[in-house]
Amino acid sequence: MKISKEEILKIAALAKLSLNEEQLASMEADMNKILAFVEKINELPLEGIEPLEYVNEDTNVLRNDQVAYTVSQYDALKNAALKDTDYIKVPKVLG
């Protein structure tokens, strides 16, 4: 299966991309390589083989939460460049 330039232009328009002729030719070659690879996979005898869900059988090893030394509100405010009575002030990020 081959992909045409018209199909690539349609995909590019859906993705709001503008491609020049060089980029269009490169994209066509890349997409045709991908499709050839998928066709190669389709040639394999995969009947009866279950899809892979996980690469390995490892499970997450989680540690218990432990209370550790924390900075008090007083110490945190003491070192803050800008502060209010109980809070650290930060510059406005969103307008």
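Just so you know, these numbers come straight off a predicted model, no measurement behind them.

Student: Looking at this structure, how should I read unusual backbone geometry?
Tutor: Phi at Lys16 is positive, roughly 55 degrees, even though this residue is not glycine. Note that Lys16 resides in the loop between helix H1 (5-14) and helix H2 (21-42). The class of Lys16 is exposed, set by a relative accessible area of 76%.

Student: How should I be thinking about the side chain of Asn32 in this particular structure?
Tutor: For Asn32, the location among the structural elements is in helix H2. Discounting chain neighbours no more than four positions away, the residues touching Asn32 are Met1, Lys2 and Ile3.

Student: Help me out: how do you make sense of the packing of H1 against H2 in this one?
Tutor: Relative to each other, H1 and H2 sit at 105 degrees, their axes nearing to 10 Å. Looking at the two axes, H1 sits roughly perpendicular to H2. Residues Lys5, Ile8, Leu9 and Ile11 of H1 lie in contact with H2, whose contacting residues are Glu21, Leu24, Met27, Glu28 and Met31. Across the contact of H1 with H2, the residue classes break down as six nonpolar, no polar and three charged.

Rules used in this analysis
- Residues numbered from 1 in each chain as written.
- Predicted model: local features only at pLDDT ≥ 70, side-chain atom pairs only at ≥ 80, totals over all residues.
- Heavy atoms only, no water.
- Helix = DSSP H or I, 4+ residues; strand = E, 2+ residues; numbered from the N terminus.
- Buried < 20%, exposed > 50% of the residue type's maximum accessible area, 1.4 Å probe, protein only.
- Contact = heavy atoms within 4.5 Å.
- Axes fitted to C-alpha atoms, helices over the stretch in contact; angles between N-to-C directions.
- Parallel < 35°, antiparallel > 145°, perpendicular 65-115°, else oblique.
- Nonpolar A, V, L, I, M, F, W, Y, C, P; charged D, E, K, R; others polar.

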